[in-house]
Amino acid sequence: EPAKPEPKKTETAAVPAGGTSTTHTVQPGQTFYSIATRYNLSAETLKKLNPGVDPSNVKAGATKLNVKVRAVHTVGAGDI
């Protein structure tokens, strides 16, 4: 009986459960680590969410990062 090929394994990032995934475009002055802090993520979690991104080579306006957020609030009229 011929050997069956093994199914491809996919890596999954160990990220916090819950929340919403969104994309963040790097702004001038931001670093990989400042973005992780802004979204209350560890740098390691942000790396796992963005395996193809070199943390030392993010470019403002060009690099887009996948981030996980717990809550999103759109400020409306009368909000302070």
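Everything below is about the structure printed above this text.
Keep in mind the model is a prediction, meaning the values are calculated, not measured. (Residues numbered from 1 in each chain as written. Predicted model: local features only at pLDDT ≥ 70, side-chain atom pairs only at ≥ 80, totals over all residues. Heavy atoms only, no water.)

Trainee: Kindly report on the overall build of the protein, identifying the contributing residues and their values.
Mentor: Helix and strand counts for the protein stand at 2 helices and 2 strands. Counting from the amino terminus, helix and strand elements in the protein follow one another as β-α-α-β. Counting all 80 residues of the protein, 22% fall into the buried class. Considering only contacts in the protein between residues 6 or more positions apart, those separated by 24 or more positions represent 62%. (Helix = DSSP H or I, 4+ residues; strand = E, 2+ residues; numbered from the N terminus. Buried < 20%, exposed > 50% of the residue type's maximum accessible area, 1.4 Å probe, protein only. Contact = heavy atoms within 4.5 Å.)

Trainee: Report on the side chain of histidine 24, specifying residues and quantitative values.
Mentor: Structurally, histidine 24 is set in strand S1 (residues 20-25). Given a relative accessible area of 6%, histidine 24 falls into the buried group. Within the local environment of histidine 24, its side chain forms a polar contact with the side chain of glutamine 30, the two groups lying 2.9 Å apart. Setting aside residues no more than four positions away along its own chain, histidine 24 makes contact with Gln30, Ile35, Arg38, Tyr39, Thr63, Lys64, Leu65 and Val67. (Polar contact = N/O pair within 3.5 Å; in protein donor to acceptor, adjacent residues only side chain to side chain.)

Trainee: Requested: an account of the nonpolar core, with residues and values cited.
Mentor: Counting 12 residues, the largest nonpolar core is built from Val26, Phe32, Ile35, Ala36, Tyr39, Leu41, Leu46, Leu49, Val58, Leu65, Val67 and Val69. Only helix H1 (32-38), helix H2 (43-49) and strand S2 (64-69) provide two or more residues apiece to this core. In this structure alanine 36 touches Leu41, Ser42, Ala43 and Leu46, once residues within four positions along its chain are discounted. (Core = buried A, V, L, I, M, F, W, Y, C linked by side-chain atoms within 4.5 Å.)

Just distances and angles here, no functional claims.
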